[in-house]
Amino acid sequence: MYSLFFQLFFRRMDAERAHHLAFRWIRLAARIPVLRTFAAAVLAPRHRALRTEAFGLRMHGPFGLAAGFDKNAVAIDGMAMLGFDHVEIGTVTGEPQPGNPVKRLFRLVPDRALINRMGFNNEGSAAVAARLAARRPVFRTTVGVNIGKTKVVPESEAVRDYVLSTERLARHADYLVVNVSSPNTPGLRSLQAVDQLRPLLTAVREAADRTVTGRRVPLLVKIAPDLADEDIDAVADLAVELGLDGIIATNTTIARDTLGLVSDPALTAETGGLSGAPLKARSLEVLRRLYARVGDRITLVGVGGVENAEDAWQRILAGATLVQGYSAFIYAGPFWSRSVHKGLAARLAVSPYATLAEAVGADTRKVTV
Ligand SMILES: Cc1cc2nc3c(=O)[nH]c(=O)nc-3n(C[C@H](O)[C@H](O)[C@H](O)COP(=O)(O)O)c2cc1C
């Protein structure tokens, strides 16, 4: 039914407008008590077997909403109502910024993909922190806060910008993500180089510890699928060295030619990061590589081209404790999370693993033993 609705309605509309419209409906539904209770009962049934623990946090399950959908933390309850076990808000930058000029979001329908060059449009760390502070949660969900660099801040002052966001936001975050992998902020991805990443992650860790006492805020880094294999290994080693809690793999890709795209070349040539189905193979490959390197020492989050329960299951077997999605939600609609959970529970039940935690990395371990 949603696919018919998508074809008749959303597909004809500008992609960003459709996003804002759907987003408004989700927020509205989450504000009406009977509606949200009914929606959550239908769309977010809990499966005991899927209960997950990641970096010390207990969650209803392993499946969350990737960063970029709720940039300003305005719809956390709405997304929990739709069944996401965790919601990663952001990317939030130190200062507010409008992002790139529109049009900046494109649907590659035949490829089940998106290209975006949003450029971190967001209200900035002070406004988002105030919103999170005022929040009265309706549904219990885990909130990740993803931070990035303000565009006008020069690269030489990037650390200061991330630290500012950390000081404002860490206390409101169940976990914190340093995003150094979006292709739409000039120079951002060069922060993935170990000699830049080390001081950045160290400073963010210190800022989080300084501002949040009484608990240790888990810190993760989100990486690009376009890193060379040696660079993936280098980030993995650094993460272990610094005692990071997790790595999120992956962000969108700037690759095009290697993806076998079938959409209109005028569209596929749009500048920006590509997400969705064509990203699946590379994201999975990066995840496998990371797990082979870090094993259980660091929690891995698998994201990129996850379209259904089978994809989520494959990420878990490859080494992901948590799985995230974004683009497939646009194409699959509000029942997406429900079907992923149902399919995951069914797969776990017929698998040789007693718990989801036991399944994490099982395939990668087989290959590397
Ligand atoms: C429109 C759009 C905006 C995004 N914005 C962000 C962002 O602000 N920060 C971030 O870390 N990732 C962002 N992402 C990347 C997603 O979080 C995710 O890593 C990527 O889309 C791959 O997952 P998917 O194939 O399930 O979409 C964005 C993705 C899309 C499609």
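Procedures and definitions
- Residues numbered from 1 in each chain as written.
- Predicted model: local features only at pLDDT ≥ 70, side-chain atom pairs only at ≥ 80, totals over all residues.
- Pairing = 2+ DSSP bridges.
- Helix = DSSP H or I, 4+ residues; strand = E, 2+ residues; numbered from the N terminus.
- Axes fitted to C-alpha atoms, helices over the stretch in contact; angles between N-to-C directions.
- Parallel < 35°, antiparallel > 145°, perpendicular 65-115°, else oblique.
- Left-handed = near helix turned anticlockwise from the far one by under 90°.
- Contact = placed C-beta atoms within 7 Å.
- UniProt positions renumbered as here; feature names shortened; annotations may be inferred.

### What about the sheet that holds strand β11 (residues 273-276)?
Part 1: Taking strand neighbours across the sheet as the criterion, the three strands line up as β5-β6-β11 in an open arrangement whose pairing is antiparallel. Across the chains shown, the open sheet's two edge strands, defined by having one partner strand only, are β5 (105-108) and β11. Between one strand and the next, the sheet's axes are offset by a mean angle of 25°, whatever the strand orientation.
Part 2: In terms of strand pairing, strand β6 (residues 113-116) meets β11 through four bridges, oriented antiparallel. The residue of β11 that forms the bridge with Leu114 is Ser275.

### Description of the packing of helix α11 (residues 309-318) against helix α13 (residues 336-350)
Part 1: Between α11 and α13, whose axes approach to 8 Å, the crossing angle comes to 55°. On the basis of the axis angle, α11 is oblique to α13. Seen from above, α11 lies across α13 with right-handed handedness. Facing Ala309, Glu310, Ala312 and Trp313 of α11, the residues of α13 in contact are Ser339, Val340, Lys342, Gly343, Leu344 and Arg347.

### Digging into the sheet that holds strand β10 (residues 246-249)
Part 1: Overall, parallel pairing links the eight strands, which are arranged β3-β4-β7-β8-β9-β10-β12-β13 in a closed barrel. In this sheet, adjacent strand axes meet at a mean angle of 25° when their direction is disregarded.
Part 2: Bridging between strand β3 (residues 63-65) and strand β13 (residues 322-325) involves three bridges; their strand directions are parallel. If you follow Leu65 over to β13, its bridge partner there is Gly325.
Part 3: Sheet strands touched by helix α10 (residues 280-294): β10 and β12 (299-303). Its angle to β12, the strand with the most contacts, is close to 170°.

### Some remarks on the UniProt feature "domain: Dihydroorotate dehydrogenase catalytic" (unreviewed entry) in the chain
Part 1: The UniProt feature table records "domain: Dihydroorotate dehydrogenase catalytic" (unreviewed entry) at residues 50-348.
Part 2: For the annotated span residues 50-348, helix accounts for 36% and strand for 20% of the residues, and the straight-line distance between the end C-alpha atoms is 8 Å.

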